[in-house]
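# Inside the fold
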Amino acid sequence: MKSTLIKDTTKSERIQLVKQWEETEGCESSGIDLLEFFRDYIDGVKEIAEVNAEFNARYISEIPDEELWNGNEKMIYVRDLLKLDTFKDFELVSGENGLDRGVSWPNVAQTVSIREWLVGGDVILMSGIGLKITDEFLTDIVIQAADGRAACIIMLINPEHIASIPQAAIDEAVKRGLAVFAAPWETKLSRVIGSVSMLVSNDRLEERMHSEFLDRLLSGEINHDDSAYRQSMEKYGLLGKKAVAVIDYKFDEKYLQTENQAYHNDRVMRKMISLF
């Protein structure tokens, strides 16, 4: 397949390529104008990777520092995505050991390299349109995603683009603990993006409300005669007698230096909490 770099394409070809993405990925009914989104690419100003990287930078700048992905702020995990209707026809082909990876947001991969725009916790969606698909390329994408601490990869299967997920890519996913899904070609990526984004947004809102309620409760700011107080207590399971456990645990110094420390730290804490 022909290169999609600016130097290897005409403006007309770039327009047709973006239109193909828009039609195939369901963006025409989602309010996403890819022709405008990739305007700089069409005009020969910036490559696709640069456009994606700039969008990601704007997205990250709008997230409060305390909500940036660091492995122990996330409440949504890949296994939670399996409950979504948009995931019901997806097949988990590898990386079941990666279902506890945290989810930050969805992203569509349309470039050869994805390292520069991964933020951690990315749900990567890939159709393969406009890319030269080989077993080596897909395997490298899996490695890039795992190294960038992505949440998972969803690949749309089609004989003309990604015909299948190669065994080498599956083996790397298992080795690195990254979930890889095979999805029907008819999947509308805009719907998947919407459902994942909504799940993450709702969870962040719920977590913020929960934290604010507990802060008010511990500081004595809550009026116990207020009906909203009892509703909140019921909602968060705080009525009745409760046991309070204070847990202080530490990893050895060597383990603390590993990049997965925060991720495993979170899993251990959640397991402890579930026991009470």
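Reading the values: the criteria
- Residues numbered from 1 in each chain as written.
- Predicted model: local features only at pLDDT ≥ 70, side-chain atom pairs only at ≥ 80, totals over all residues.
- Heavy atoms only, no water.
- Buried < 20%, exposed > 50% of the residue type's maximum accessible area, 1.4 Å probe, protein only.
- Helix = DSSP H or I, 4+ residues; strand = E, 2+ residues; numbered from the N terminus.
- Pairing = 2+ DSSP bridges.
- Salt bridge = Lys/Arg side-chain N within 4 Å of Asp/Glu carboxyl O.
- Phe/Tyr/Trp six-rings, centres within 6.5 Å; stacked < 30°, edge-to-face > 60°.
- Arc of directions from axis to C-beta.
- Contact = heavy atoms within 4.5 Å.

Both faces of strand β2 (residues 105-108) are covered, namely the face carrying Trp 105 and Asn 107 and the face carrying Pro 106 and Val 108. Summarising the sheet, β2 and strand β3 (residues 122-126) pair through 4 bridges and their orientation is parallel. In the strand pairing of β3, Pro 106 is matched with Val 123.

So, about the pattern of salt bridges. Tallying each qualifying case throughout the model produces 7 salt bridges. Put simply, Asp 8 and Lys 7 hold a salt bridge, and the shortest N to O gap is 3.2 Å. By relative accessible area, which is 27% here, Asp 8 ends up partly exposed. Judged by relative accessible area, which is 66%, Lys 7 ranks as exposed.

On inspection of all chains with the given rule, the structure shows 2 aromatic pairs. Look at Phe 87 and Phe 90: their rings are 4.8 Å apart centre to centre, the planes differ by 50°, and that puts the pair in the tilted class. Each member of the pair Phe 87 and Phe 90 is classed as buried. Plain terms: the ring middles of Phe 87 and Phe 181 are 5.7 Å apart, the flat faces sit at 90° to each other, and that makes the pair edge-to-face.

It is worth spelling out helix α7 (residues 167-176) at this point. Helical periodicity: at 3.6 residues per turn, an α-helix aligns residues three or four positions apart in one direction. Turning to α7, its buried residues number three or more, namely Ala 169, Ile 170, Glu 172 and Ala 173. Down the axis of α7, the buried side of the element spans an arc of 165°, and every buried residue falls inside it. Residues Gln 167 and Lys 175 are exposed on α7 and point more than 90 degrees away from its buried face. Looking at the buried side of α7, the elements it contacts are β1 (91-94), α6 (135-147) and β5 (179-184). Gly 177 lies just past α7 and shows a positive phi near 65°.

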